[in-house]
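Given next are the chains, with one letter for each unit.
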2 protein chains.
Amino acid sequence: MEPRVDFISLGVRSVSRSRAFYIDGLGWPVHREVAGEVLFIQVNHGLVLSLWDVRQMRAEAGVSPPDGVPCITLSHNVASAADVDRVMEEAGSAGAAIIAEPVTQPWGGYTGYFADPDGFRWEVAYNPNWTVDDAGAVTV
Amino acid sequence: MEPRVDFISLGVRSVSRSRAFYIDGLGWPVHREVAGEVLFIQVNHGLVLSLWDVRQMRAEAGVSPPDGVPCITLSHNVASAADVDRVMEEAGSAGAAIIAEPVTQPWGGYTGYFADPDGFRWEVAYNPNWTVDDAGAVTV
C-alpha cells in the first residue's frame, strides 16, 4: 500500500449546510455534486474533500458511531479491483481490522474498509469512473 | 482561505503501536518523529499524515471527545502569523465556530482552531520551521 491519501470524506448531517459553509462562505469551488447527497471539492492536487450525507456514509461503510460523533474516512484509490483485494490483504497482514470486505457498490466502484489501530477508517477503492494518473493522483 | 489541506492529524492512543502498523506493517516511510509523541509521514506531495499522541493533541486543541472517540484535525498551513489571524476571521465570518483563538504554541508555531458545521476541526497554522512552497505545499 503506497503512502497516499486520495479522499478525505466527512460525514455531514446536512450537505446543503456544508455547502453554505465551504462553498458560499469560504468560496471553495465545487467540482461535482449530487444535490443534498454529496459534494466534492478538489483541494490539493490529487486530494479530494468529500462532504457526504452521513446517513449514506454509514450505510455504505456499515458503521454507526454514536449520535453527535462525526464520521470520517480516508480513502486510498487504486487502479483495479484486484488492487483493492491486494491492498486489503496487505492491511490485514499489517494488523488492520477488516471492517468490510471489498464489494461492488451501487455507484459502480469496488471498495473495502479497514480500521487502523485506533479505529480510523480507511477505504480502499477502485472507481472505474474517475481518473487516477500514473502518480496515483485522483482528479474528479 | 484557499481550498487546501496540509496535514491530517490522527490522535492516537499509542504512537509506537501506530508506528508498528503504518511503518513496520505497511512499509510507509517516516519523515520525522519524536519517539512516543508524534510521527510524520509525507503521503501525497504537500500532504502530511501526522500520528500524534492523543493526550498531547487534546491538550493543544482544548478538545476532549468522549473516550473511545478518535480525534482528527485537518490543518491548513499559511505563510505568516498574520495570515493565521486573517483566515480564522474569514472562517468565523463564513459561520465556523471558533474553538481556539490563535496563540503561539510551545513548539514555536502560531495556530488557531475552528470547527465546521458538523464539528470537524480545522487548525490554521503558521510554522516558522517548515517549508511551504509557492503553491502552498508543505514539506516536512
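Anything mentioned here points back to the structure above.
Described below are features of the structure shown in this document.

Parameters and conventions
Residues numbered from 1 in each chain as written. Chains lettered and ligands numbered in written order. Predicted model: local features only at pLDDT ≥ 70, side-chain atom pairs only at ≥ 80, totals over all residues. Buried ≥ 20, exposed ≤ 12 C-beta atoms within 10 Å, placed from the backbone. Helix = DSSP H or I, 4+ residues; strand = E, 2+ residues; numbered from the N terminus. Pairing = 2+ DSSP bridges. Axes fitted to C-alpha atoms, helices over the stretch in contact; angles between N-to-C directions. Contact = placed C-beta atoms within 7 Å. Core = buried A, V, L, I, M, F, W, Y, C linked by C-beta atoms within 7 Å. Least-squares fit on C-alpha atoms with pLDDT ≥ 70 in both.

A closer look at the pairing of strand S5 (residues 71–77) of chain B
Residues and elements named next belong to chain B. Counted residue by residue, S5 has seven buried out of seven residues, so it is predominantly covered. The side-chain alternation of S5 yields two buried faces, one formed by Cys-71, Thr-73, Ser-75 and Asn-77 and the other by Ile-72, Leu-74 and His-76. Where strand S1 (residues 7–12) and S5 come together, five bridges link them in antiparallel fashion. Directly across from Ser-9, in S5, lies its bridge partner Thr-73. Here five bridges tie S5 to strand S8 (residues 121–126), and the two strands are oriented parallel to one another. Considered in S8, the bridge of Asn-77 is made with Ala-125.

Remarks on the sheet that holds S5(B)
To summarise the sheet geometry, strands pair through backbone hydrogen bonds and adopt either a parallel or an antiparallel arrangement. Residue and element names in this part refer to chain B. Read across the open sheet, the eight strands follow the order S2-S3-S4-S1-S5-S8-S7-S6; overall the sheet is mixed. Edge positions in the sheet fall to strand S2 (32–34) and strand S6 (97–104), since each of these pairs with one other strand and no more. Each neighbouring strand pair of the sheet contributes to a mean axis angle of 20°, computed without reference to strand direction. Where helix H3 (residues 81–93) meets the sheet, it contacts S5, S6, strand S7 (110–115) and S8, and its direction lies at approximately 10° from that of S7.

Considerations on the nonpolar core
If you look at soluble globular proteins, the nonpolar side chains tend to sit buried side by side. Core analysis: the biggest nonpolar cluster contains 74 residues, and A:Ile8 and B:Ile8 have the highest contact counts within it. Here A:Ile8 is in contact with A:Leu49, A:Ser50, A:Leu74, B:Val5, B:Ile8 and B:Leu74, once residues within four sequence places are set aside.

Describing the relation of the copies chain A and chain B
You can overlay chain A on chain B at an RMSD of 0.0 Å; the transform is a turn of 180° with a shift of 0.0 Å along its axis. Taken together, the turn and the small shift mark the pair as related by a two-fold rotation axis. When you check the interface residues of chain A against chain B, 97% turn up at the interface there too, and the contact is symmetric in its surfaces.

Side note on helix H1 (residues 15–25) of chain B
All names here are of chain B. Those residues of H1 lying buried are Val-15, Ser-18, Arg-19, Tyr-22 and Gly-25. Where H1 is buried, its residues touch S1, strand S3 (38–42) and strand S4 (48–53). Gly-27 sits one or two positions beyond H1 and adopts a positive phi of about 80°.

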